[in-house]
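# Inside the fold
What follows is each chain in one-letter form.
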Amino acid sequence: MADIMALRGILAENKRKFRNKRLEAKGIILLMNELINPYEDEIEKTNAAQIKTYAEKLEQLVNEIKELKEKIDAMESDLNG
């Protein structure tokens, strides 16, 4: 019984982390959209270095989100038998 309670606690924590990372990723996408302007005539005004930094962070977050999703699915499967 204690094992099930511990697993539920870990599951709840992983779900919280999952939601927070998804929210952070969505925020980064919004920031990138602000930096990328397809109507800018002078392309040299684009801050490519900042966009690259955001893209790398987004890639890292997406990988972490995928890992958390797999853990969550496995835990839920274990709990539901």
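Note that the structure is predicted; figures quoted are calculated from it, not measured. (Residues numbered from 1 in each chain as written. Predicted model: local features only at pLDDT ≥ 70, side-chain atom pairs only at ≥ 80, totals over all residues. Heavy atoms only, no water.)

Below, the discussion takes up the overall build of the chain. Secondary structure summary: the chain contains 2 helices and 0 strands in total. The 81 residues of the chain split such that 16% are buried. Per element, the accessible surface of the chain, about 6300 Å² overall, is 54% carbon and sulfur. Distance between charge centres in the chain, computed from 14 positive and 16 negative side chains, equals 7 Å. (Helix = DSSP H or I, 4+ residues; strand = E, 2+ residues; numbered from the N terminus. Buried < 20%, exposed > 50% of the residue type's maximum accessible area, 1.4 Å probe, protein only. Areas by Shrake-Rupley, 256 points an atom, 1.4 Å probe, with all protein chains shown as cover. Lys, Arg positive; Asp, Glu negative; His and termini not counted. Charge placed at Lys NZ, Arg CZ, Asp CG, Glu CD.)

Let us now look at the side chain of Asn14. With respect to the helices, strands and loops of the structure, Asn14 is situated in helix H1 (residues 2-35). In contact with Asn14, other than residues within four places in its own chain, are Leu68, Lys71, Ile72 and Met75. (Contact = heavy atoms within 4.5 Å.)

Taking 1.5 Å per residue as the helical rise, H1 with its 34 residues ought to reach 50 Å, and the 50 Å between its terminal C-alpha atoms agrees with that figure. Here H1 has its buried residues at Leu11, Asn14, Phe18, Ala25, Ile28 and Met32. The secondary structure elements touched by the buried residues of H1 are helix H2 (48-80). (Expected span 1.5 Å × (residues − 1).)

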